[in-house]
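Each chain, written out:
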Amino acid sequence: MENILPRLKDNCVIVMDNASYHSVKLDKAPTASTKKADIIQWLENKGEVVDRTMIIRELLDIVKKIKPQHEKFVIDEIANAQNKTILRLPPYHCELNPIELAWSSIKNHVRMNNTTFKLPDVKKLLIEGIERVDADMWKNFIRHTILEENRFWEIDDIMDEVFEAERQNLTLTITGDTSSDSESDMD
């Protein structure tokens with residue numbers, strides 16, 4: 001990444017999926033397996049005033065509350081230092097990443113043209129597949145991704161409408177004190 005960033009224009013946006021190697025944390029927050037002293041130290045480093053008599057569960061509740069404010073990724077910081085922005089995709093939404101369409105095209109090229117199944121030939125086909133991905137293909141991949149994103153927004157709007165309609169159609173039946181019923185049953 002450090003070698004690629006200088007080749008990109010300033011203010012560019014780099015789309016990242018949630019692969020673990022893209023999501024290495026700069027400062028990992030404590031977990032249940034972290035020693036109490038280390039949890040306290042992490043919280044104090046974040047400016048929190050900590051009562052040392054608190055139990056680990058209470059300390060971790062504070063960690064959970066403030067963790068989003070301090071969650072930074074190594075790759076994001078490297079990119080920010082070089083005037084680039086990382087855009088992270090939602091988990092499990094590869095259809096929002098145009099690179100997936102490019103890889104699909106490249107793999108399809110290899111699959112359709114591979115006759116020898118020898119590594120040097122596969123490598124040559126891979127390079128050919130990459131070279132086939134031109135500016136027009138990228139525009140189409142991005143256009144397709146935008147259409148997918150719009151489709152998700154439409155589904156989201158439909159779901160909001162359905163939930164709102166269901167909420168309005170709910171009727172709440174409140175029953176009164178049933179003690180009089182039980183008294184009449186006794187008669």
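Preceding block: the structure.
Keep in mind that this is a model prediction, so the values were computed, not measured.

About the thresholds
Residues numbered from 1 in each chain as written. Predicted model: local features only at pLDDT ≥ 70, side-chain atom pairs only at ≥ 80, totals over all residues. Heavy atoms only, no water. Helix = DSSP H or I, 4+ residues; strand = E, 2+ residues; numbered from the N terminus. Expected span 1.5 Å × (residues − 1). Buried < 20%, exposed > 50% of the residue type's maximum accessible area, 1.4 Å probe, protein only. Arc of directions from axis to C-beta. Polar contact = N/O pair within 3.5 Å; in protein donor to acceptor, adjacent residues only side chain to side chain. Salt bridge = Lys/Arg side-chain N within 4 Å of Asp/Glu carboxyl O. Core = buried A, V, L, I, M, F, W, Y, C linked by side-chain atoms within 4.5 Å. Contact = heavy atoms within 4.5 Å. 1 Å grid on protein atoms, 1.4 Å probe; cavity = no way out; pocket = protein on both sides within 12 Å on 5 of 7 lines; lining within 4 Å. Points joined across faces, edges and corners; volume = space filled by probe spheres on them. Phe/Tyr/Trp six-rings, centres within 6.5 Å; stacked < 30°, edge-to-face > 60°. Lys NZ or Arg CZ within 6 Å of the ring centre and 35° of its normal.

Colleague: Give me the lowdown on helix H4 (residues 98-113), citing residues and values where you can.
Modeller: Taking 1.5 Å as the rise per residue, H4 with 16 residues should run 22 Å; its terminal C-alpha atoms sit 23 Å apart, in good agreement. Buried within H4 are the following residues: Pro98, Ala102, Ser105, Ile106, His109 and Val110. The buried residues of H4 occupy one face: seen down the axis, they fall within an arc of 135°. Facing away from the buried side of H4, by more than 90 degrees, are the exposed residues Lys107, Arg111 and Met112.

Colleague: Describe the environment of glutamine 168, listing the residues and the values that go with them.
Modeller: With respect to the secondary-structure elements, glutamine 168 resides in helix H6 (residues 135-169). For glutamine 168, the side chain forms a polar contact with the side chain of glutamate 164, separated by 2.9 Å.

Colleague: Could you give me a rundown of the pattern of salt bridges, with the residues and numbers involved?
Modeller: Taken as a whole, this structure holds eight salt bridges when the rule is applied. In this structure, aspartate 76 engages arginine 88 in a salt bridge whose closest nitrogen and oxygen atoms are separated by 2.6 Å. Of this pair, aspartate 76 sits in helix H3 (residues 74-81) while arginine 88 sits in strand E2 (residues 85-88), placing them twelve residues apart in sequence. For aspartate 76, a relative accessible area of 14% gives the class buried. Overall, the relative accessible area of 22% leaves arginine 88 in the partly exposed class. For glutamate 148, the salt bridge goes to arginine 151, with nearest N and O atoms at 2.8 Å. Note that glutamate 148 and arginine 151 are positioned in helix H6 at a spacing of three residues, about one turn of the helix.

Colleague: Account for the nonpolar core, naming residues and giving values.
Modeller: In terms of nonpolar packing, the biggest core is built from eleven residues, these being Ile39, Ile40, Trp42, Leu43, Val50, Met54, Leu59, Leu60, Ile62, Val63 and Ile66. Here the element with the most residues in this core is helix H2 (residues 56-70); it accounts for five residues. Those residues in contact with isoleucine 62, other than ones at most four positions away along the chain, are Leu43, Glu48 and Met54. Listed in part, the seven residues of the second largest apolar core include Leu5, Cys12, Ile75 and Ile86.

Colleague: I'd like to hear about the layout of surface pockets, residue by residue, with values.
Modeller: Space left empty within the atom packing is revealed by a probe, the size of a water molecule, rolled over the atoms. Its boundaries defined by the atoms lining it, the largest pocket holds a volume of some 690 Å³. Along its surface, the largest pocket is lined by 24 residues, and Ile14, Val15, Asn97, Pro98 and Ile99 are the ones closest to its centre. Among the secondary structure elements, those contributing two or more residues to the lining of the largest pocket are strand E1 (13-16), E2, H4 and H6. Here the lining of the largest pocket takes five residues from H6, the largest share from any one element.

Colleague: I'd like a rundown of unusual backbone geometry, residues and numbers included.
Modeller: Non-glycine residue asparagine 11 carries a positive phi angle of around 65°. Structurally, asparagine 11 is set in the segment before E1. Exposure remark for asparagine 11: the relative accessible area of 57% places this residue in the exposed category. One non-glycine residue, asparagine 83, lies in positive phi territory at about 60°. Its place among the elements puts asparagine 83 in the loop between H3 and E2.

Colleague: Break down the packing of aromatic side chains for me, citing the residues and quoting the values.
Modeller: Working definition: an aromatic ring pair is given by the centre-to-centre distance plus the angle between the planes. Under the criterion given, the structure shown has one aromatic pair. Taken together, a centroid distance of 5.9 Å and an interplanar angle of 80° make the contact between tryptophan 138 and phenylalanine 141 edge-to-face. You can see tryptophan 138 and its partner phenylalanine 141 sitting in helix H6, three residues apart, about one turn around the helix. Lying across the ring of phenylalanine 73, arginine 88 places its NZ or CZ 4.0 Å from the centre. Positioned over the ring face of phenylalanine 152 is arginine 151, at 5.2 Å from the centre of the ring.

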